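Descriptive structure summary
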Amino acid sequence: MTHLGEMISAYLDGELSRPEIEQLLIHLDGCGRCAADMQDAQIVRSAVRSLPLLELPAGLVPEAETELVSLHRNRGFLVGAAAAVVALVIAIAAIVTPSAATVSLEELNSRYGARASLDPAFGPAKVVVPDLAQLLE
Amino acid sequence: MTESVPLTWEEVARVYGRKIYNFAYRLTGNSDDAADLVQEVLLRVRRGLASYQPGSFEGWLWRITRNAFLDDVRRRNRRPTTPLPDEVDRWSLASAPAADTEYSRISIGDDVQKALLELPYEFREAVVLCDIVGLSYEEIARAVAVPVGTVRSRIHRGRRLLRESLT
């Protein structure tokens, strides 16, 4: 029997097409080895994903907008974190000198807005001294 | 069609700095190396932003991050699997938990970090980009410059090896 090992992790990560999902589910029904493989992959995936998201050491990146950071802290609310990230990006974009580089605001909003609302540990960096900025001048 | 706004390296630092730090920390188990990498990546981002063409920003950023990491490893002339023993999950040790359940959770975290460090580099990188950084397979493929099928294979084989070393 051809086993479908590599499709198992892709399935758990939401990376399979509909026909592939059907193929895998039919296979799993009759293959104890792949079913066990699926269970193992699930355990390991959760274990790695449950590692804590570490804080940046202080002073490593330029100072964040402290008012916005404290706003989201005070609310203690996940939506607040998402709003702070989005507002920060918009506020900074409005005042900085434009460089040649561009990226889609909508892309940032959807990606980080969504992530912040799912992950309470994810938010604007809370750091102090912009050493790197001075270094670069 | 989405609207584009200027992105500065300071914004990249604020939005992505912590993710870059976590990427490097989970690959090396060393907080000093991870901090060095964040600074190096931000320098490269600053230089590179002028010529950045709108497209997959994630792919671009993580390709820079990954290359900076590998350059650093080469420069130090050592294998990326060499952690300082007492550096493993320093954050967990510093958090000084009181409850037994906390200890058990942290011990599991240490085991997972150690198991990650034992993985061959390509597998570790794929697993960390997927499960720690949260990239899609396509974004990982762009960052690492391999086909999506290779990413799929590396992630699954990486998880299999992790499972073996965790049991």
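Each chain carries its own residue numbering, running from 1 in the written order of its sequence. Following the order in which they are written, the chains are lettered starting with A and the ligands numbered starting with 1. Totals for whole chains, interfaces and linings use every residue, but because this is a predicted model, local features are given only for residues with pLDDT of at least 70 and side-chain atom pairs only at 80 or more, for both listing and counting.

So, the overall build of chain A
For the record, the criterion: The way it works is that DSSP assigns letters per residue, a run of H or I at least four long becomes a helix, a run of E at least two long becomes a strand, and they are numbered from the N terminus. Backbone-placed C-beta atoms define the burial measure: a residue is buried with 20 or more other C-beta atoms within 10 Å of its own, exposed with 12 or fewer, and partly exposed in between.
A count of helical and extended segments in chain A gives seven helices and one strand. When the helices and strands of chain A are read in sequence order from the N terminus, they spell out α-α-α-α-α-β-α-α. Expressed as a percentage of its 137 residues, the buried residues of chain A come to 27%.

Things to note about the overall build of chain B
Formally: We call two residues in contact whenever the C-beta atoms placed from their backbones are within 7 Å.
Per the secondary structure count, chain B includes eight helices and one strand. A total of 167 residues make up chain B; the buried ones form 43% of that total. For chain B, restricting intrachain contacts to residue pairs at least 6 apart in sequence, the fraction spanning at least 24 positions comes to 67%.

Examining the nonpolar core
Here is the rule: Buried Ala, Val, Leu, Ile, Met, Phe, Trp, Tyr and Cys residues form a nonpolar core when they are connected through C-beta atoms within 7 Å.
Core analysis: the largest hydrophobic core is formed by 59 residues, its most contacted members being Ala24(B) and Ile140(B). Those residues within four positions of Ile140(B) in sequence are excluded, and the remaining contacts are Ala126(B), Leu129(B), Cys130(B), Leu135(B) and Val151(B).

Section: helix α2 (residues 31-49) of chain B
Inclusion rule: A helix is expected to span 1.5 Å for every residue after the first.
Given a rise of 1.5 Å per residue, 19 residues ought to cover 27 Å, and the 27 Å separating the end C-alpha atoms of α2(B) matches this to within 8%. Residues of α2(B) that are buried include every one of Asp33(B), Ala34(B), Leu37(B), Val38(B), Val41(B), Leu42(B), Val45(B) and Leu49(B), and no others.

Side note on the confidence of the model for chain A
Residue and element names in this part refer to chain A. Applicable threshold: Along the chain, pLDDT gives the predictor's confidence residue by residue, from 0 to 100.
Scored by pLDDT, chain A comes out at a mean of 68, with 44% of its residues at no less than 70. Looking over chain A, one finds the lowest element-wise mean pLDDT in helix α4 (residues 66-75), namely 41, and the highest in helix α3 (residues 32-49), namely 94. Contacts for the low-pLDDT stretch residues 97-101, under 50 throughout, to residues beyond four places or in other chains number 11 contacts. Across residues 111-130, where pLDDT falls below 50, the model places 50 contacts with residues more than four positions away in sequence or in other chains.

Description of the packing of helix α1 (residues 9-28) of chain B against helix α6 (residues 121-131) of chain B
The packing of two helices is summarised by the inter-axis angle and the distance between the axes. Residue and element names in this part refer to chain B. The test is simple: For helices, the fitted line uses only the C-alpha atoms of the stretch in contact; every axis is such a line through C-alpha atoms, and the angle between N-to-C directions lies from 0 to 180 degrees. Each helix crossing is assigned a hand: it is left-handed if the near helix lies turned anticlockwise from the far helix by less than a right angle, otherwise right-handed if that turn is clockwise. Ten residues, namely Ala, Val, Leu, Ile, Met, Phe, Trp, Tyr, Cys and Pro, are considered nonpolar, four, namely Asp, Glu, Lys and Arg, are considered charged, and the remaining ones, Gly among them, are considered polar.
At a minimum axis separation of 10 Å, α1 and α6 run at an interaxial angle of 145 degrees. You can see that α1 and α6 cross each other, and the crossing is right-handed. For the pair α1 and α6, contact is made by Phe23, Arg26 and Leu27 and by Arg124, Glu125 and Val128, respectively. Residues of the contact of α1 with α6, tallied by class, amount to three nonpolar, no polar and three charged.

What about unusual backbone geometry?
Its identity is not glycine, yet Ala145(B) carries a phi of approximately 60 degrees, on the positive side. Turning to its location among the elements, Ala145(B) is positioned in the loop between α7 (137-144) and α8 (148-166).

Looking at the packing of helix α1 (residues 5-12) of chain A against α8(B)
Formally: Under this scheme an angle from 65 to 115 degrees is roughly perpendicular, one under 35 degrees roughly parallel, and one over 145 degrees roughly antiparallel; angles in between are oblique.
Running from amino to carboxyl end, α1(A) crosses α8(B) at an angle of 95 degrees, the nearest separation of the two axes being 8 Å. Classified by the angle their axes make, α1(A) and α8(B) are roughly perpendicular. Contacts from Gly5(A), Glu6(A), Ile8(A), Ser9(A) and Ala10(A) in α1(A) reach Arg152(B), Ser153(B), Ile155(B), His156(B) and Arg159(B) in α8(B). Taken together, the residues of the contact of α1(A) with α8(B) sort by class into three nonpolar, four polar and three charged.

Comments concerning the confidence of the model for chain B
Caution applies to low-pLDDT parts of the model: their predicted coordinates are not meant to be read in detail. All names here are of chain B. Averaged over chain B, the pLDDT score is 81; the fraction of residues at 70 or greater is 78%. The least confident element of chain B, judged by mean pLDDT, is helix α4 (residues 90-94) at 38; the most confident is α6 at 96. In this model residues 1-5 is a low-confidence stretch, pLDDT under 50, and it forms 13 contacts with partners more than four residues away in sequence or in other chains. This prediction of the complex comes with two scores: 0.65 for pTM and 0.77 for ipTM.

Digging into the environment of Asp13(A)
Relative to the helices and strands, Asp13(A) is located in the loop between α1 and α2 (18-30). Given 18 C-beta atoms within a 10 Å radius, Asp13(A) is considered partly exposed. Between the C-alpha atom of Asp13(A) and that of Gln42(A), which follows or precedes it by 29 residues, the distance is 9.8 Å. With near-sequence residues (within four places) excluded, Asp13(A) lies in contact with Cys130(B) and Tyr137(B).

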